[in-house]
Amino acid sequence: MEVSSLNKMLFLLVLLLATFTTLSLGQANRRGRQGTRVGFYRTTCPRVESIVQSAVQSAVQANPTVAPGLLRMFFHDCFVNGCDASILIDGPSTEKTAPPNSLLRGFEVIDAAKSRLETTCPGVVSCADILALAARDSVVQTGGRSWQVRLGRRDGLVSQASDTATLPAFNDPISVQIRKFADKGLNTQDLVTLVGGHTIGTSACALFSYRLYNFNNTNGPDPDINQAFLPQLRALCPNGGDGLRRVALDTGSVNSFGNSFYENLRNGRGVLESDAKLWSDRRTQRFVRGFLGSRGQPGLRFNNEFGRAMVKMGNTEVKTGRQGEIRRVCTATN
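Residues numbered from 1 in each chain as written. Predicted model: local features only at pLDDT ≥ 70, side-chain atom pairs only at ≥ 80, totals over all residues. Heavy atoms only, no water.

## Observations regarding the overall build of the chain
Phase 1 of the analysis: For the chain, the count of helices and strands is 13 helices and two strands.
Phase 2 of the analysis: Residue burial in the chain is summarised as follows: out of 334 residues, 48% are buried.
Phase 3 of the analysis: A sequence separation of at least 24 residues applies to 75% of the contacts in the chain between residues at least 6 apart.
Phase 4 of the analysis: Accessible area for the chain stands at about 16000 Å²; split by element, carbon and sulfur atoms hold 53% of it. (Helix = DSSP H or I, 4+ residues; strand = E, 2+ residues; numbered from the N terminus. Buried < 20%, exposed > 50% of the residue type's maximum accessible area, 1.4 Å probe, protein only. Contact = heavy atoms within 4.5 Å. Areas by Shrake-Rupley, 256 points an atom, 1.4 Å probe, with all protein chains shown as cover.)

## Focus on the state of the cysteines
Phase 1 of the analysis: This model, assessed by the stated rule, comprises four disulfides.
Phase 2 of the analysis: Disulfide pairing is shown between Cys127 and Cys330; the S-S distance is 2.1 Å. Judged by the torsion about the S-S bond (-100°), the Cys127/Cys330 disulfide is left-handed. One end of the pair, Cys127, is in helix α5 (residues 127-141); the other, Cys330, is in the segment after α13 (302-313), and 203 residues separate them in sequence. We note that Cys127, like Cys330, is buried.
Phase 3 of the analysis: Across a sulfur-sulfur distance of 1.9 Å, Cys205 and Cys237 are joined as a disulfide pair. In this structure the cystine formed by Cys205 and Cys237 twists about its S-S bond by roughly -70°; its chirality is therefore left-handed. Of this pair, Cys205 sits in the loop between β1 (202-204) and α8 (210-213) while Cys237 sits in the loop between α9 (230-236) and β2 (246-248), and the two are 32 residues apart along the sequence.
Phase 4 of the analysis: The connectivity of the disulfides in the chain is 1-4, 2-3, 5-8, 6-7, where the numbers refer to bonded cysteines in sequence order. (Disulfide = S-S within 2.5 Å.)

## Quick look at α13
Phase 1 of the analysis: Over its twelve residues, α13 runs 16 Å from end to end, which matches the ideal 16 Å to within 8%, given 1.5 Å per residue.
Phase 2 of the analysis: Among the residues of α13, those classed as buried are Phe302, Glu305, Phe306, Gly307, Ala309, Met310 and Met313.
Phase 3 of the analysis: Of the surrounding elements, those touching the buried residues of α13 are α3 (66-78), α5, α7 (188-195), α10 (260-266) and α12 (282-292). (Expected span 1.5 Å × (residues − 1).)

## Some remarks on helix α4 (residues 107-120)
Phase 1 of the analysis: Across its 14 residues, α4 extends 20 Å between first and last C-alpha, which sits within 8% of the 20 Å expected from 1.5 Å per residue.
Phase 2 of the analysis: Each element contacted by the buried residues of α4 is listed here: α2 (48-62), α3 and α5.

## Topic: the side chain of Ser138
Phase 1 of the analysis: Residue position: Ser138 is located in helix α5.
Phase 2 of the analysis: Apart from the residues within four sequence positions on either side, Ser138 is in contact with Val56, Ala67 and Leu70.

## A look at the pattern of salt bridges
Phase 1 of the analysis: All told, the structure shown has 15 salt bridges when counted by the stated rule.
Phase 2 of the analysis: Close ionic contact of Asp84 with Lys319 constitutes a salt bridge, the shortest N to O distance being 3.0 Å. A residue pair is termed long-range when its members are at least 10 positions apart, and Asp84 in the loop between α3 and α4 and Lys319 in the segment after α13 qualify at 235 residues.
Phase 3 of the analysis: A salt bridge links Arg308 to Asp190; the shortest N-O distance between them is 2.9 Å. Taken as a pair, Arg308 in helix α13 and Asp190 in helix α7 lie far apart in primary sequence, 118 residues in all.
Phase 4 of the analysis: The exposure class assigned to Asp190 is buried, which follows from its relative accessible area of 0%. (Salt bridge = Lys/Arg side-chain N within 4 Å of Asp/Glu carboxyl O.)

## Some thoughts on the environment of Ala134
Phase 1 of the analysis: Its location among the elements puts Ala134 in helix α5.
Phase 2 of the analysis: Given the relative accessible area of 1%, Ala134 is considered buried.
Phase 3 of the analysis: For Ala134, the residues in contact, after removing those within four places along its chain, are Val52, Val56, Leu70 and Ile110.

## Examining unusual backbone geometry
Phase 1 of the analysis: Phi angles above zero are rare outside glycine, and Ala85 is one such case at about 65°.
Phase 2 of the analysis: Mapped onto the fold, Ala85 is located in the loop between α3 and α4.
Phase 3 of the analysis: What makes Ala85 buried here is its relative accessible area of 0%.
Phase 4 of the analysis: You will see that Ser93, though not glycine, has its phi angle at about 65°, which is positive.
Phase 5 of the analysis: When you line up the elements, Ser93 lands in the loop between α3 and α4.
Phase 6 of the analysis: With relative accessibility at 52%, the residue Ser93 sits in the exposed group.

This is how it looks when you write it as structure tokens:
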């Protein structure tokens with residue numbers, strides 16, 4: 001065989017190999033989005049959304065604190081090895097036992113929905129998808145706008161408390177928050193949008209009372225706190241008081257989903273340090289301003305943007321196809 005012919009064959013072989021590698025990487029990067037879709041259970045379990053919605057509605061009507069609990073639960077699940085319901089697994093040293101998850105509530109709602117679904121269409125609907133739907137329904141139950149949830153996730157097989165180090169923390173500076181979100185394929189606007197979920201729910205005094213008395217060993221409060229707001233927080237969380245006492249993250253709107261959270265940030269009424277920094281750092285403040293608008297006119301429509309960001313986060317590192325499993329019960333692997 002002539003050298004020129006051999007070189008051509010080698011070139012074509014290398015070209016084919018490079019093309020195959022590029023296609024494989026592209027498919028891997030798109031796998032999460034392609035593996036989930038709206039209407040995934042249309043033929044296999046058509047009542048899935050109404051069953052989950054009913055479970056969430058009953059629970060929130062009985063106890064409004066369940067709504068923010070389910071919303072946080074989904075967020076915490078997605079940020080640790082993807083949206084795979086690993087946060088639901090019981091046992092020593094599982095994600096559920098980690099300090100950031102110790103105060104979450106609403107697990108019984110997921111279990112109730114799963115039990116009913118196993119009766120209606122056994123072995124079909126994943127716990128990961130139930131949690132994604134429950135988070136959406138929690139927002140709707142508190143006055144937020146609905147969005148279409150892409151389904152088709154599979155349940156994870158691993159749950160380790162040590163993996164929760166990837167979760168954003170209550171005292172993370174903005175640079176760390178941006179990095180943690182970027183690691184999940186989420187940008188700075190997604191960050192500001194998703195943290196807006198704090199418009200419902202509460203925080204324990206233990207997570208922010210250090211801001212009220214001796215912030216960074218200054219013998220004074222965090223200067224980002226509005227001085228008129230400080231006495232109110234100190235009354236709720238006295239120095240050395242009950243660290244488990246709950247305080248609204250969005251003053252005046254604890255059970256109502258809307259953009260008032262951003263108004264409180266602008267007015268120095270952010271409760272968590274990580275939240276307050278969204279206003280004091282220019283990288284995030286511009287997005288907060290966008291949700292506030294100018295002269296009372298809405299800027300970026302928070303409800304719409306929140307749904308968009310939830311869909312994006314909900315496709316983080318998901319397991320589809322033959323990955324993972326469909327659990328029989330959400331608290332344990334099969």
